[in-house]
Structures are given as C-alpha cells and as structure tokens.
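Single-letter residue listing:
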Amino acid sequence: MPRTIIEPFRIKSVEPIRWTTRREREQLLRAAHYNLFLLPAADVLIDLLTDSGTGAMSTHQWAAVMEGDESYAGSKSFDRFRASVQEIFGYRHVIPTHQGRAAERILFGIACKKGDLVPNNTHFDTTRANVEFAGAEAVDLVIPEGRQSQTDHPFKGNMDVVALRELIVRVGRDRIPLVMLTVTNNSGGGQPVSMANICEVSALCREHKIPLYFDACRFAENAYFIKLREKGYDSKTPKQIAQEMFSYGDGCTMSAKKDGMANIGGFLCTNDDLLAQQQKDLLILTEGYPTYGGLAGRDLEAIAVGLQEALEEDYLRYRIASTAYLGNHVAAQGVPIVQPPGGHAIYLDARAFLPHVPVEQFPGVALAAELYLEGGIRSVEIGSLMFGKSAKMDLVRLAIPRRVYTQSHIDYVVEIILEVWRKRGSIRGLKLNYEAPFLRHFTAKLEPV
Ligand SMILES: Cc1ncc(COP(=O)(O)O)c(C=O)c1O
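Residues numbered from 1 in each chain as written. Predicted model: local features only at pLDDT ≥ 70, side-chain atom pairs only at ≥ 80, totals over all residues. Heavy atoms only, no water.

A.B. asks: Before we go on, may I ask you to explain the packing of aromatic side chains in this structure?
C.D. replies: The relative placement of two aromatic rings is captured by the distance of their centres and the angle of their planes. Taken as a whole and assessed by the stated rule, the structure comprises 15 aromatic pairs. Arranged with centres 4.8 Å apart and planes meeting at 70°, the rings of Phe37 and Phe442 form a pair that is edge-to-face. With Phe37 in the loop between α1 (22–31) and β1 (46–47) and Phe442 in the loop between β13 (430–434) and β14 (445–448), this residue pair connects regions lying 405 residues apart in the sequence. A residue is classified by how much of its surface remains accessible, and Phe37, at 28% relative accessible area, is partly exposed. Grouping aromatic residues by their ring pairs yields a cluster made of Phe78, Phe81, Phe89, Tyr91, Phe214, Phe219, Phe246 and Phe267. Taking NZ or CZ as reference, Arg424 lies 3.6 Å from the ring centre of Trp421, over its face. Of note, Lys445 hangs over the ring of Tyr434, and the distance from its end group to the ring centre comes to 5.7 Å. (Phe/Tyr/Trp six-rings, centres within 6.5 Å; stacked < 30°, edge-to-face > 60°. Helix = DSSP H or I, 4+ residues; strand = E, 2+ residues; numbered from the N terminus. Buried < 20%, exposed > 50% of the residue type's maximum accessible area, 1.4 Å probe, protein only. Lys NZ or Arg CZ within 6 Å of the ring centre and 35° of its normal.)

Have a look at this one:
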C-alpha cells in the first residue's frame, strides 16, 4: 500500500472557506467573548467543532434524496431505510427519529424508572441526561486504561466486565433495565470496543436476562478498528464485523449524523415486540408517524445510502489513517494528546500543553482560542468550562467532519498546532464574566486575565 493518504473520492462541488487576517480574528474573538461557540461559522477557516451532522454527502446520497417519497405513511423511502438498517444491524424493529437523543429519550423514557441504574462504558452527555431525566442513574464502567490519557491500549473503550458483574450482583438485575455499549466511546476519546469485550458483556447480560443496547453512532469506525487490531478479523469486511457486533445485542440507538453520513437523522432498534409497540406510540406523540419519525423521506434516503458508504473499506482506511496522521504528527513534536488517536477526533491535553495556566483559568478554552487566533481553526474545550469542578481533564477536541477536509487541510492544522506549541509560554488564561445556570459552555463570556 503506498504511504500517501489519499481521499477515496474526487470533488464535484466546492464550498469556499474564508481567510481572515490575524487582526480580524483578534477582533472576532473579542466580540465572541473568547467562546468559539459564539463565532459566526463564516469567520472560521477549518471548522473542527464537531463531526456530527457536518459531513459531506456523496453523489449517490444526493441522487437518493431526489427519490425521497414524502408520503405521510408507508413511504417507499421508509422501506429502503429499514432494509439498509436491518441488513447491517439485524434488529426486528427500526424506528426513525430526528436524531440520536430522540431515540435515547424514547428508549430510556419507557425502559427506566426511578431508582434504576443504566451501566455504559461511558455515557455521552445526551445519553446521561436522558437516563437521568427518566429518573435513573447513569453509571460509567469503562476499563481503567480508558480513563488514562497517556496509556496505550488497542481497545480503550472496553467495558470493565468485572465491575459490571459486581454492580449487577450488588443492586440486583431488577434495577438494571438495560446495559449500553457506546461504539466508539466518544467521551473517552473515540476509542473502540473489541469484539471479545462485546461478547463478554453480552454473555453476562444474557446470564442475568438484561437487554444489551448499543449507542451505535460510530459503529463503522469501531468495526474498522476491530479489523485492524483484533485477531481473527483482518480478512472480514467492516460490514461483516458490524453485523457480528450487533448480533450480540438486543437493540441500539443511533445518531445518523455520524456514521450515517447524513446531516440529520437517527433511529432506535429493538428485537422486543412489546417494547417496540410502546416506543412507536411515544414516537407518534412527539416525533411523528413510525414510517418517518420526524424526518423527511429524502432524509431517510440519504441515511439508507450513507450507512452503507460508511462501511466501505477505502473510506474507513482513509478516515482512520487521516485522523491518526494528525495525532501522530503533532505528538511526534511533543504535543500532548490523548493516546492512541481515536476514530473521529484528536484530543489535545491542555493542562499538559499549558502547565503555567491554572485550571481555574480554563487552559482548554485558552488553547482553543489560540488555535483560532493563530490559524482560524475552531475546536471545542472539553474540560473545566464544560463540566465545572467535576472535570478530570482539560482537553481540546479537534473533531474531523466526514469527507469534508483534504489532507492539505490536515497538514495546515498540524502546522498551526505546532506553531501554537512553540508559542505556548506566552498563552494566558481566561476569566469568566458570564455563565448560564446550566450547560454554561455554550454561552459563557470570558476575557484574558
Ligand atoms: C456517542 C454519542 N451518543 C449520542 C449522541 C447524540 O446524538 P445526536 O446529536 O444526534 O442527538 C452523540 C452525539 O454527538 C454521540 O456522540
């Protein structure tokens, strides 16, 4: 295989991105109160705020969009959507939703009651919030390596099976309506879960008659990591691996804004007929009729095609290699990142990057602001501003949208990070001038100390 990473696509339609001068960016940053959420997207050169809903659709997806059947009930688009989902996921009931969190609200709203516990390798923030909204407790049981940013392990997203067994024995299976596995583990740095771990968790759940659900947002990236890193899978296709992964579970929630390669959408799957009926009843109340679930027929078409494209090996090889390229090139110069590079993002360790900036002065926000100032790159702080005093790390996430940026964009990002690394001694911390009572990172206003 040649070493050069090339995009397995060529470009048919382009979207201009705008250069700004450093002086303009200084003004823009001041006007945005040093909070990159408050910046107009048009003033960002490379936008790595999130990989969710920000991907580029293929010609096949756009062609499918034109086939969208907008019938209220029983559309052809729903049939194609369900067939595509079932081929990969294999579950009996497929319920479309407008995005992942809507599937979570319906799943937990019906399955959970006050006093219940829902174990996961690591709950994503919307998953945790929906579990808690249903009155239950969200428990994170990732393996110890998954909590250590510098430890190298091929499957840092694995569930701690011993801890899961202890929890089931301690609280009893009646208080655990379901177990969840997030593939890949977003909050833990986009780290994969191994097939062996999925099997072990599944066996334990079956032993105690507890359903196992996947938070499947980045299932294709997880399948490809299994192919690369787990014995016995190198000759299997990503689709075969994904099919095997889901065969060990009873259902899933999915945000199609990630490995669905769509700009909006999601779904909920289950093998349980009774549960599916209750879920569809609730869906009708808030999302829509069960053959569209809050989506347009054209969205269902885009997802049907996108799910299959996410499993193409050429795409996944480029995707994983390109993310690793970014991480490895900055790490080689000493930049502290969460190791090893994950599937969809690189995380800079801001406390190690800026040891002179105290945690109370938001090193992650300061570093993200500096990346924008230096090169017009937008990233996101995951640390003390987002989580307050409970933050264990201050990270800056650079999430890579799917099929949007080329390798030269990635080289540019490497160059800017290294430039900021060279100047790190002069970066100042920030103080908070305004905070909302909850989810303060979205609207916080800050200024340099
Ligand atoms: C692991 C994980 N679960 C669930 C969600 C929620 O999906 P959505 O944003 O479509 O509601 C996300 C979104 O980022 C995610 O990364």
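A.B. asks: Would you take a moment to explain the sheet that holds strand β12 (residues 395–399) for this structure?
C.D. replies: Whether parallel or antiparallel, the strands of a sheet pair through hydrogen bonds between backbone atoms. Across the sheet, which stays open at both edges, the three strands sit in the order β9-β12-β11 with antiparallel pairing between neighbours. In this open sheet, the two strands that pair with only one neighbour each are β9 (345–349) and β11 (380–382). With direction set aside, neighbouring strand axes in the sheet form an average angle of 35°. Where β11 and β12 come together, three bridges link them in antiparallel fashion. (Pairing = 2+ DSSP bridges. Axes fitted to C-alpha atoms, helices over the stretch in contact; angles between N-to-C directions.)

A.B. asks: Can you walk me through the packing of helix α6 (residues 161–171) against helix α7 (residues 195–207) in this structure?
C.D. replies: What describes two packed helices is the angle between their axes and the distance between those same axes. It is the contact of α6 with α7, at a shortest axis distance of 10 Å, that shows an interaxial angle of 10°. By the angle between their directions, the pair α6 and α7 is classed as roughly parallel. Regarding α6 and α7, the two cross each other, and that crossing is right-handed. Across from Val161, Leu164, Arg165 and Ile168 in α6, the residues of α7 making contact are Asn197, Glu200, Val201, Leu204 and Glu207. Of the residues that constitute the contact of α6 with α7, the class distribution is five nonpolar, one polar and three charged. (Parallel < 35°, antiparallel > 145°, perpendicular 65-115°, else oblique. Left-handed = near helix turned anticlockwise from the far one by under 90°. Contact = heavy atoms within 4.5 Å. Nonpolar A, V, L, I, M, F, W, Y, C, P; charged D, E, K, R; others polar.)

A.B. asks: Explain the sheet that holds strand β8 (residues 266–270) to me, please; I cannot follow it from the model alone.
C.D. replies: Across the sheet, which stays open at both edges, the five strands sit in the order β2-β8-β7-β6-β5 with mixed pairing between neighbours. Each edge of the open sheet carries a strand with a single partner, namely β2 (93–97) and β5 (179–182). This sheet shows a mean twist of 15° between the axes of neighbouring strands, independent of strand direction. As defined by bridge partners, strand β7 (residues 251–255) adjoins β8 across five bridges and the pair is classed as antiparallel.

A.B. asks: Could you clarify how one ought to interpret the environment of Arg317 in this entry?
C.D. replies: Relative to the elements of secondary structure, Arg317 occurs in helix α12 (residues 313–331). Placed 308 residues apart in sequence, Arg317 and Phe9 show a C-alpha to C-alpha distance of 13 Å. Apart from residues no more than four positions distant in its own chain, Arg317 is found in contact with Met1 and Tyr224. A distance of 3.1 Å separates the side chain of Arg317 from the side chain of Asp314, its partner in a polar contact. (Polar contact = N/O pair within 3.5 Å; in protein donor to acceptor, adjacent residues only side chain to side chain.)

A.B. asks: Looking at this model, I keep getting lost on the side chain of Glu370. Mind explaining?
C.D. replies: Here Glu370 lies in helix α14 (residues 363–375). Contacts of Glu370, omitting those with residues within four sequence positions, involve Arg22, Val420 and Ile427.

A.B. asks: Teacher, can you tell me more about the side chain of Glu104 here?
C.D. replies: Of note, Glu104 is situated in helix α4 (residues 100–111). Buried and unpaired, Glu104 has no salt bridge, with Arg101 as the nearest side chain of opposite charge at 6.2 Å. Looking at Glu104, its side chain comes within polar contact range of the side chain of Asn130, at 3.5 Å. Those residues in contact with Glu104, other than ones at most four positions away along the chain, are Gly109, Thr126, Thr127, Asn130, Asp215 and Thr253. (Lys, Arg positive; Asp, Glu negative; His and termini not counted. Salt bridge = Lys/Arg side-chain N within 4 Å of Asp/Glu carboxyl O.)

A.B. asks: Help me understand the nonpolar core, please; the structure alone is not making it clear to me.
C.D. replies: Note on soluble globular proteins: their nonpolar side chains tend to be buried together. In this structure, Phe89 and Phe219 are the most contacted members of the largest nonpolar core, which totals 61 residues. Setting aside its immediate chain neighbours within four residues, Phe89 contacts Ala216, Phe219, Phe246, Cys252, Met254, Phe267 and Leu307. (Core = buried A, V, L, I, M, F, W, Y, C linked by side-chain atoms within 4.5 Å.)

A.B. asks: Just checking my understanding: could you explain the pattern of salt bridges for this structure?
C.D. replies: When the charged atoms of two side chains with opposite charge come close together, those side chains can pair. For the structure shown, the criterion picks out 28 salt bridges. One salt bridge in this structure joins Arg298 and Glu70, with 3.5 Å as the shortest N-O distance. Of this pair, Arg298 sits in helix α11 (residues 297–310) while Glu70 sits in the loop between α2 (59–65) and α3 (76–89), and the two are 228 residues apart along the sequence. Glu70 sits in the partly exposed class, given a relative accessible area of 43%. Here Asp394 and Arg351 are joined by a salt bridge, their closest N and O atoms 2.6 Å apart. Of this pair, Asp394 sits in the loop between α15 (384–387) and β12 while Arg351 sits in helix α13 (residues 350–353), placing them 43 residues apart in sequence.

A.B. asks: Please clarify how the environment of Ala73 should be interpreted in this entry.
C.D. replies: Take Ala73: it is sitting in the loop between α2 and α3. Sequence separation of Ala73 and Tyr289 is 216 residues, and the distance between their C-alpha atoms is 7.0 Å. If we skip the residues at most four places from it in the chain, Ala73 touches Tyr289 and Thr291.

A.B. asks: When you look at the site of the ligand in this model, what are you seeing that I'm missing?
C.D. replies: Neighbouring the ligand are 14 residues; Arg101, Asn186, Asp215, Ser255 and Lys258 lie closest to it. Measuring from an oxygen atom of the ligand, one finds a side-chain N or O atom of Asn186 at 2.8 Å. Its residues assigned to classes, the shell around the ligand shows two nonpolar, six polar and six charged. (Near = heavy atom within 4 Å.)

A.B. asks: Any chance you could explain helix α5 (residues 125–133) here in plain terms?
C.D. replies: Residue pairs spaced three or four apart in an α-helix point in one direction, given the helix's 3.6 residues per turn. Turning to α5, its buried residues number three or more, namely Thr126, Thr127, Asn130 and Val131. Taken down its axis, α5 places every buried residue within 135° of arc, on the same side. Along its buried surface, α5 packs onto α4, β3 (117–120), β4 (137–140), β5 and β6 (212–215). Immediately downstream of α5, the backbone of Gly135 shows phi near 90°, a positive value. (Arc of directions from axis to C-beta.)

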